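Take a look at the letters that make up each chain.
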Amino acid sequence: MCEEFLHVVQRHKNATDVFEAIDELIKSLDETLVQINNAAKQLLPAGRERHLHAEEMWLNAERDTWRLMVCLYRDRMVTQKQDSEMDDLPLVNSEQTIITHLYGGNANLREYQMIVDWLEQMTLHQNQADLNHYMARTVEWENTLHQLLEVGQTAFGSGRPLVKSLDPDAPIREKRPLHDLDVEDQMQLAKQVFLDIRQGRLKEAQIKCENYGQAWKAALLEGWRLHHDPNYEGENDFATRESIEGNPRRDLWKKFAWQMAESRMLDPYTKATIGSLCGHLDSMVEVLSEHSWNDMLWAYVKIQIDIRVESEIRSHCIKSYLPMPDRYWNGKKSLEQIFDALEAHKNVRICTAAKDVDKVIQKYIMLDDIPELMRIVDGWLEGTEVVLIPQMLRFLTHFVMFLRQIGKTFQEDVGDRVIKRYVEYLITLGASHMVAFYTAALPPNMQLLLYSRFLDTVTDSLQRKQALEDAYNFGLDVPTITVYTVERCRMTESETDDSAPTASGTLTELDERKILSLEWLTFYPEQRGELLWQTNTLIRYFLARRSIEAARKTFAVIPADTMELIFTHYGSKDDIPCREEVSIREYLCYQTYLAAIQGYNDWSHLFYNGRPKPPAVVKISNFTERVTSEHREETYRKELANWEERIGEVTTLTRDLLYNVLLFPEAGWLVDTDTMKPVPDDDEDWLNRAVQMENLRKLCIPEIVLLLHQLHTLTDRHGENLLLADVLSSESRKLYSVFPKHKLAETLTKIAESSLTLMNNRKDPFVGDGAKK
């Protein structure tokens, strides 16, 4: 259903197509309900009655609600706007003309009639089975007739005295019953006739009466029709007469119909049938009180139409009418009063149904009080009394979009919260095109939060790219959303204390998520500058925690063509903004540092694990063992010589890599160069970055110096340690300034030990052999 509704809404985006869109939504619901019904019947054991599930019941109610909206809002938007100022109708002789004029100028009455028609159509769709108990009957009360004609000869005669006449009034006049079978058939007919009236099928009800041999009852159901004599109108040819429509003595029929509806001699369904045509509420309530909320609403609204029609006729017709009882006129109510009565109904089933989600929505649609409906919906969203299932959220979302499409004013913030809740449900489905479409209907701040939350749930690279393409297609601010997603993930703190790196160098799940989030900035070339900035920020975080492996994995996220794309995007180096320029330099700093650390790790592994082990000393007892031992010694000396040559090469390479950090070009490692481009002075990110870079210099440069010292010391290059002292004390880079006093003293002490070692080895203790080169 979510997919179906999305396709319909996408096809009908204009306000002029809104009703075509709703018609398609109704069709989609119809097809879905048919499929559900067919599938359920196949799974249902034979003889078992099928019960509707909650979602299926909601789909039925939703379809009915859309139908109500179509008829009411089409009238409110189209018909009422087209209505011009209608002149008052003078006194005329035609009741039909009066009511036609009334319906044309009174929008409230038209809506009442639409509500009644809608309620009748709902009942008709719910009761498709047509009971034909009374077909092919030629006479009424055939069992009674047979017993009267064949006295004492009937197989199933009645032991009680029956009526002696068969006119319609005989049972009441003679106070004698009909045959029991006829009484049962009479009751079945009365129920079926009332059901037809409830379904808006008056003609079918009359046909049933005629087929049962009660043409008089069919005629009785005709007496309410409005009188109209076309021969009084216009310039008619007096030689021809047109047929008169309706009942010229409608007031007399209505007065006696009212008395029939109040009679205790008639069965309840017959009284309810007559009452529905003459405006007698109590007779209908007697039958409908055990029925549904819809049935009671139908009765109340039908009465209101009858009272307003009758009042208009008596105000504008030149004829005189028999008076109606005061109780008839006192039954006039507004829609608000009707709904209040239903909510306070003595029948628990009806007053409980009045609080159902679909009934509340339908109520306020009828009242055209959307602000109050939105206030209630807001309570549903915030509270726990009403559980809004996903199908309800789907309806409410499209209801909000429908109101916006037709320009209906209501609380936009509540509408946004409805759509937001629906998007949160769609996020669980993982369909990016649906999430993007409905997110685009929200304000920018909500778009940012919701779509970023959705992006957090996507981990596959192809799905990520598709999610961003869908966001672009529906007009979301993808650059802002991706940056926010990365920053929010980066700022996430672990619930446990894992600020220190693990001994094995493994990454936590949160670390992996933070690194993986950077991929959002790799899909579009114009975001490569932002990718560098965010990557550098995350690397600073990991280096501060001394999580080198995490920093290395973060660095590996940046594609190899990033620099080229940045230069291509801005055209030349001079056009690159300050932010991208410093990001590039910082990126190169980390590249140099990580290469140095990796080089030292490789050297350390070779130094400690790659040195060949001397052969074990064995006792030589014969010539063969002596030859074997000498061969092992020779092999060991060759391997040792190769290792020493290799370790010398790797040591030199590692020394150069470490020196690349200390002797980084221009201002030095992790120091921005002076630039003429504007730098934001009050930007919090810039200020934090400056502090973090300075702290990293204080953390990493002493570390590199100690690694160099250890490298030189373990390989007996003590003279190079003295050159390291010159680098530290150089005023051009002032590397000594990043050392704490105690650590600087410790470093100088170690260099002094190298000088002492040189002196003990009778070498120059101040500059070493390296200086001579």
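Residues numbered from 1 in each chain as written. Predicted model: local features only at pLDDT ≥ 70, side-chain atom pairs only at ≥ 80, totals over all residues. Heavy atoms only, no water.

Draft legend 1. Structural view of the layout of surface pockets. Approximately 680 Å³ is the volume attributed to the second largest pocket. Residue lining of the second largest pocket: 21 residues in total, with P168, P171, I172, Q186 and L266 positioned closest to the centre. For the lining of the second largest pocket, the secondary-structure elements that each account for two or more residues are α7 (170-174), α8 (180-198) and α10 (215-220). For the lining of the second largest pocket, the residue count by class is 13 nonpolar, two polar and six charged. (1 Å grid on protein atoms, 1.4 Å probe; cavity = no way out; pocket = protein on both sides within 12 Å on 5 of 7 lines; lining within 4 Å. Points joined across faces, edges and corners; volume = space filled by probe spheres on them. Helix = DSSP H or I, 4+ residues; strand = E, 2+ residues; numbered from the N terminus. Nonpolar A, V, L, I, M, F, W, Y, C, P; charged D, E, K, R; others polar.)

Draft legend 2. A look at helix α19 (residues 370-382). The end-to-end C-alpha separation of α19 is 18 Å, in line with the 18 Å expected for 13 residues at 1.5 Å each. Between the side-chain oxygen of the N-cap and the backbone nitrogen of E372 there are 3.4 Å, and the N-cap of α19 in question is D369. (Expected span 1.5 Å × (residues − 1). Polar contact = N/O pair within 3.5 Å; in protein donor to acceptor, adjacent residues only side chain to side chain.)

Draft legend 3. Quick look at empty space enclosed by the protein. With the rule as written, the count across this model stands at two cavities of 30 Å³ or more. One number sums up the size of the largest cavity: a volume of about 60 Å³. Every residue lining the largest cavity is listed: L189, A190, V193, K217, L220, L221, T270, T273 and I274. At the level of elements, α8, α10 and α12 (268-278) are the ones that each hand at least two residues to the lining of the largest cavity. Partitioned by chemical class, the residues of the lining of the largest cavity number six nonpolar, two polar and one charged.

Draft legend 4. Examining the pattern of salt bridges more closely. Applying the stated criterion across every chain, the model contains 50 salt bridges. D75 is paired through a salt bridge with R110; the nearest N and O atoms lie 2.9 Å apart. Of this pair, D75 sits in helix α3 (residues 54-82) while R110 is found in helix α5 (residues 107-126), placing the two residues 35 residues apart along the sequence. Look at R110 and you get buried, because its relative accessible area is 10%. Residue D672 is joined to R689 by a salt bridge in which the shortest nitrogen-to-oxygen separation is 2.7 Å. Of this pair, D672 sits in the loop between α31 (623-662) and α32 (684-714) while R689 sits in helix α32, placing them 17 residues apart in sequence. (Salt bridge = Lys/Arg side-chain N within 4 Å of Asp/Glu carboxyl O. Buried < 20%, exposed > 50% of the residue type's maximum accessible area, 1.4 Å probe, protein only.)

Draft legend 5. The environment of P479, seen in detail. Residue placement: P479 occurs in helix α25 (residues 478-491). On the basis of relative accessibility, which here comes to 32%, the residue P479 falls in the partly exposed class. C-alpha of P479 to C-alpha of E530: the two residues are 51 residues apart in sequence and 9.2 Å apart in space. When residues no more than four places from it in sequence are discounted, the contact partners of P479 are Y472 and Q527. (Contact = heavy atoms within 4.5 Å.)

Draft legend 6. A look at the confidence of the model for the protein chain. With 90% of its residues at a pLDDT of 70 or more, the protein chain shows a mean pLDDT of 86. Across the protein chain, element-level confidence peaks in helix α22 (residues 432-439) with a mean pLDDT of 96 and bottoms out in helix α35 (residues 768-772) with 44. The low-confidence segment residues 768-773 (pLDDT under 50) makes five contacts with residues lying over four places distant or belonging to another chain. (pLDDT = per-residue confidence, 0-100.)

Draft legend 7. Seen up close, the packing of helix α27 (residues 528-544) against α32. Two numbers describe how α27 lies on α32: the axes approach to 10 Å, and their chain directions differ by 40 degrees. Between α27 and α32, the crossing angle belongs to the class labelled oblique. Note that α27 runs across α32; the crossing there is left-handed. Residue-level inspection shows W533, R540, L543 and A544 of α27 in contact with α32, the latter providing D685, W686, R689, Q692, M693, L696 and L699. When grouped by side-chain class, the residues that make up the contact of α27 with α32 number seven nonpolar, one polar and three charged. (Axes fitted to C-alpha atoms, helices over the stretch in contact; angles between N-to-C directions. Parallel < 35°, antiparallel > 145°, perpendicular 65-115°, else oblique. Left-handed = near helix turned anticlockwise from the far one by under 90°.)

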